[in-house]
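For reference, the chains in residue letters:
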Amino acid sequence: MLKDKVAVVTGGADGIGRKIALELAGVGAKIAIMDINLDKARQTSEEIIKAGGTAIAVKVDITQREEVEAGFREVLSALGQIDILVNNAGFFRLSNEFKNLQEDEWLSMFNINVHGTFRCCRAVLPHMEERQSGKIINIASIAGVAGIAKMAIYSASKGAVISFSKALAMEAGKHNITVNCISPGQLKSYEEDTERGTYLKRSGDLGAETAHMVRFLASSDGDYITGANYIIDGGRVLGARKA
Ligand SMILES: NC(=O)c1ccc[n+]([C@@H]2O[C@H](COP(=O)([O-])OP(=O)(O)OC[C@H]3O[C@@H](n4cnc5c(N)ncnc54)[C@H](O)[C@@H]3O)[C@@H](O)[C@H]2O)c1
């Protein structure tokens with residue numbers, strides 16, 4: 001399905017990003033795992049290689065522009081091209097009422113979730129424009145759609161990713177580059193009450209559903225989809241829990 005395609009997955013060493021990397025590798029894509037944690041990135045890339053795939057691990061902190069630019073150069077020299085960029089690296093464990101948060105906390109959250117996504121898009125766009133082809137998939141959150149109390153800054157950061165993706169989709173479409181978002185809801189591993197809030201009486205399966213949607217958008221089945229935001233949350237944002 002993605003044979004001969006190259007995908008960069010930021011934050012691909014662990015969590016949802018790891019699931020995405022394994023999913024895309026499973027359908028033939030060559031994977032560059034771009035992560036601040038090189039040891040874990042290597043573990044994931046070795047897992048892919050052992051299963052018969054192709055993968056490299058690249059140490060990049062997406063808050064550092066020069067590291068991001070060098071990371072994309074490294075991927076291009078190792079794998080020759082980039083067809084798919086999944087901006088997944090993000091930070092969400094900042095839970096407190098807004099009035100209690102310090103400015104440095106919200107600046108650092110925006111620096112990863114929002115500016116990190118900007119930096120990676122900036123680094124890959126000239127290459128995708130030159131090839132007149134590319135798929136950018138940004139991992140947002142239902143927090144960016146509905147807002148979550150005690151996660152005001154996180155919600156704002158993911159809202160920014162969603163609106164950025166729509167605007168970038170308008171600019172990049174003429175170069176045959178699609179830009180889409182996926183907004184997952186709560187996942188099993190991170191919430192104490194796994195059923196609360198969804199209409200399917202369970203939480204998401206540790207990123208598997210998100211990875212499936214990335215695979216769909218990255219494939220030719222997603223060629224005519226751009227500027228969309230796919231909510232994958234078991235219905236959590238649908239409304240009051242009365243049913
Ligand atoms: N887990 C959830 O419930 C949930 C729900 C909705 C959306 N999301 C979003 O999904 C994405 C992944 O979440 P997760 O739960 O898998 O997170 P995680 O913390 O399990 O994994 C994040 C990965 O990103 C890497 N990373 C962190 N900072 C980085 C940086 N500055 N540069 C490069 N890599 C960095 C980490 O090393 C790690 O491998 C995030 O954008 C998050 O906001 C998560």
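Residues numbered from 1 in each chain as written. Predicted model: local features only at pLDDT ≥ 70, side-chain atom pairs only at ≥ 80, totals over all residues. Heavy atoms only, no water.

J.: A description of the nonpolar core should follow, citing residues and the corresponding values.
T.: Judged by nonpolar contacts, the single largest core of 29 residues is most densely connected at Ile20, Leu24, Ile31, Val86, Ile137 and Val214. When residues of this core are traced back to their parent elements, those giving at least two are strand S1 (6-10), helix H1 (15-26), strand S2 (30-35), helix H2 (38-50), strand S3 (55-59), strand S4 (84-87), strand S5 (134-139) and helix H8 (208-218). In this structure, Val214 is in contact with Ile20, Leu24, Val86, Ile137, Ile139 and Ile182, ignoring residues within four places of it in sequence. (Core = buried A, V, L, I, M, F, W, Y, C linked by side-chain atoms within 4.5 Å. Buried < 20%, exposed > 50% of the residue type's maximum accessible area, 1.4 Å probe, protein only. Helix = DSSP H or I, 4+ residues; strand = E, 2+ residues; numbered from the N terminus. Contact = heavy atoms within 4.5 Å.)

J.: Describe the pattern of salt bridges, with residues and values.
T.: This model, assessed by the stated rule, comprises nine salt bridges. Here Asp223 makes a salt bridge to Lys135, at a shortest N to O gap of 2.8 Å. With Asp223 in the loop between H8 and strand S7 (229-232) and Lys135 in strand S5, the pair connects residues that are 88 residues apart, well separated along the chain. We classify Lys135 as buried; its relative accessible area is 9%. (Salt bridge = Lys/Arg side-chain N within 4 Å of Asp/Glu carboxyl O.)

J.: Can you tell me about the layout of surface pockets, naming the residues and giving the values?
T.: Considering only enclosed or pocket space, the largest pocket measures out at about 1200 Å³ in volume. In terms of lining residues, the largest pocket is bounded by 43 residues, among which Gly90, Phe91, Phe92, Arg93 and Tyr154 are the most central. Only H1, S2 and helix H7 (152-172) provide two or more residues apiece to the lining of the largest pocket. For the lining of the largest pocket, the leading source of residues is H1, giving three residues. The volume enclosed by the second largest pocket comes to roughly 190 Å³. Surrounding the second largest pocket, 14 residues form its lining, Lys5, Ser133, Lys135, Ala218 and Asp223 being those nearest its centre. The residue inventory of the lining of the second largest pocket, partitioned by class, reads four nonpolar, six polar and four charged. (1 Å grid on protein atoms, 1.4 Å probe; cavity = no way out; pocket = protein on both sides within 12 Å on 5 of 7 lines; lining within 4 Å. Points joined across faces, edges and corners; volume = space filled by probe spheres on them. Nonpolar A, V, L, I, M, F, W, Y, C, P; charged D, E, K, R; others polar.)

J.: Kindly report on a nonpolar patch on the surface, identifying the contributing residues and their values.
T.: Nonpolar side chains collect at one region of the surface, where Val145, Ile231 and Val237 lie side by side and expose about 200 Å² of accessible area between them. In this structure, Ile231 sits in strand S7. (Patch = residues over 30% accessible without salt bridge, like charges linked within 9 Å, V, L, I, M, F, W, Y side chains within 5 Å. Areas by Shrake-Rupley, 256 points an atom, 1.4 Å probe, with all protein chains shown as cover.)

J.: How would you summarise the site of the ligand if you had to cite specific residues and measurements?
T.: Surrounding the ligand, one finds 25 residues, the nearest of these being Ile16, Asp35, Asn88, Tyr154 and Lys158. One nitrogen or oxygen atom from the main chain of Ile62 is found 3.0 Å from a nitrogen atom belonging to the ligand. Within the complex, 89% of the 830 Å² of free accessible area of the ligand lies under protein. Spatially, the ligand is embedded in the largest pocket. Put simply, the parts of the chain that give the shell around the ligand at least two residues each are H1 and H7. For the shell around the ligand, the class distribution of residues is 13 nonpolar, seven polar and five charged. (Near = heavy atom within 4 Å. Polar contact = N/O pair within 3.5 Å; in protein donor to acceptor, adjacent residues only side chain to side chain. Sits in = over half its atoms within 2 Å of the grid points.)

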